[in-house]
Amino acid sequence: MDLAYIPSPSTGVINLGPIPLRGYAFCIIIGVFVAVWYGNKRWIARGGTAGTVADIAVWAVPFGLVGGRLYHVITDYQLYFSEGENWVDAFKIWEGGLGIWGAIALGAVGAWIGCRRRGIPLPAYADAIAPGIAFAQAIGRWGNWFNQELYGKPTDLPWALEISESANREAGTYHPTFLYESLWCIGVALLVIWADRRFKLGHGRAFALYVAAYCAGRAWIEYMRVDEAHHVLGLRLNVWTAIIVFLLAVVYIVISSRIRPGREEIVEPKAEKSEKIAKADEADEAHADEDATADDADAEPEDAAADEDADSDKDAERGADNGAGSAAKS
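Counting starts from 1 at the beginning of each chain's written sequence and moves along it residue by residue. It should be noted that, the model being predicted, local features are given only for residues of pLDDT at least 70 and side-chain atom pairs only at 80 or more, the latter also being counted only at that level, while totals for whole chains, interfaces and linings use all residues. Water and hydrogen atoms were dropped before computing side-chain values, which therefore reflect all heavy atoms in the structure.

## Things to note about the side chain of Thr177
We apply this condition: The secondary structure listing takes helices from DSSP runs of H or I that are at least 4 residues long and strands from runs of E that are at least 2 residues long, numbered from the N terminus. A simple rule labels every residue: compare its accessible area, found with a 1.4 Å probe on the protein chains alone, to the largest value its type can have, and call it buried under 20%, exposed over 50%, or partly exposed in between. Two residues form a contact once any of their heavy atoms are found within 4.5 Å.
Assignment of secondary structure puts Thr177 in helix H7 (residues 177-199). According to the relative accessible area criterion, Thr177 is buried, its value standing at 2%. When residues no more than four places from it in sequence are discounted, the contact partners of Thr177 are Leu150, Tyr151, Gly152, Ile221, Met224 and Arg225.

Put into structure tokens, the structure is as follows:
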């Protein structure tokens, strides 16, 4: 009997009247909000304007969800299109099944469209949101916990995951690979944040570091899983994908650092234009203050001359009065 383990929820759905609230969907939604919120903070720190990350995410997120689902369905087609299976289940995204490789690839296409519409370089945007994506993955992996899926090999470790019996799984305690990947993603996010501050990564290198670091962890975590998957030369397909993508990310970092060292000075032309307008307004206000001061200075001599003329007139009037008095006495 296991003395300690991580229990799994008895159900991944809570029915609020006629509305089903699914834990998997909640984890995905919360992850997206965290990614956009933190990406917005990093974008503003890089010189961008508030709201830009959210505007581009309107394109990136739907593309990413479609890409993630397509990758899952294509690589696990036997779950939906083999004999005895219902192909309609391929559209039931709430039951789980999003491939991060497809989500990032097609999400990048959506981000490219959003960036192009705003005249923003995609690499700079990718660098800003990279840690947020890692945090989003860390949160999203808990959706697998709600669905009791993607666990590892049997184990009796204190942090083993309890899985209940179902039509497609056996009851027991297994490695909580969802937890391993969640913790790894948090580490990846912190690594990218530190490296970006330390080395001022630019031109997509922060995003490439995130990709490489994630792939390094995904390879060994994927190797621990026991769910059905396609194998190539004895390794799971996702392990090969992680290896290939890792190498591509490392090559990009090396080549990019040589071709485009340093970091972009301007990430959003609109922000630069707004800054120039603000500076111009400040200059106009300064000139206006200088003109007002000059007008005051010019007005002072005129006021002094006017005072002198007034004094002369008074003296003349006094002289006239005295002359008239003398004549009267005569």
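And the narrative resumes.
## With respect to the environment of Pro158
By secondary structure assignment, the location of Pro158 is in the loop between helix H6 (142-147) and strand S3 (161-163). With 153 residues separating them along the chain, Pro158 and Tyr5 place their C-alpha atoms 5.3 Å apart. In this view, Pro158 contacts Ala4 and Tyr5; residues no more than four positions away in its chain are not counted.

## Some thoughts on the side chain of Arg218
Checked against the element boundaries, Arg218 lands in helix H8 (residues 205-224). Not counting the four nearest positions on each side in its chain, Arg218 is found in contact with Ile100, Trp101, Arg141, Glu181, Arg225 and Asn238.

## Some details on the pairing of strand S1 (residues 13-16)
Here is the rule: When DSSP locates at least two bridges between a pair of strands, those strands are taken to pair.
Pairing of S1 with strand S2 (residues 19-22), which is carried by 4 bridges, proceeds in the antiparallel orientation. Counted as the bridge partner of Ile14 is Leu21 from S2. The turn joining S1 and S2, which pair antiparallel and follow one another in sequence, is formed by 2 residues; a positive phi near 70 degrees is taken by Gly17.

## Thoughts on the packing of helix H4 (residues 100-118) against H8
As a reminder, the rule being used: Fitted lines through C-alpha atoms give the axes, limited to the stretch in contact for helices. The angle between two N-to-C directions lies from 0 to 180 degrees. Roughly parallel means an angle under 35 degrees; roughly antiparallel means over 145; roughly perpendicular covers 65 to 115; every other angle is labelled oblique. Handedness of a crossing is defined here by the sense of rotation of the near helix relative to the far one, left-handed for an anticlockwise turn of less than a right angle and right-handed for a clockwise turn. Under the grouping applied here, Gly and all other residues not named as nonpolar or charged are polar, the nonpolar ones being Ala, Val, Leu, Ile, Met, Phe, Trp, Tyr, Cys and Pro and the charged ones Asp, Glu, Lys and Arg.
Axis separation between H4 and H8 bottoms out at 13 Å; the angle between their running directions is 170 degrees. Considering their axes alone, H4 and H8 lie roughly antiparallel with respect to each other. As for the relative orientation of H4 and H8, their crossing is left-handed in sense. Contact residues: H4 offers Ile100, Trp101 and Ile104, while H8 offers Phe207, Tyr210, Tyr214, Cys215 and Arg218. A per-class count over the contact of H4 with H8 returns 7 nonpolar, no polar and 1 charged.

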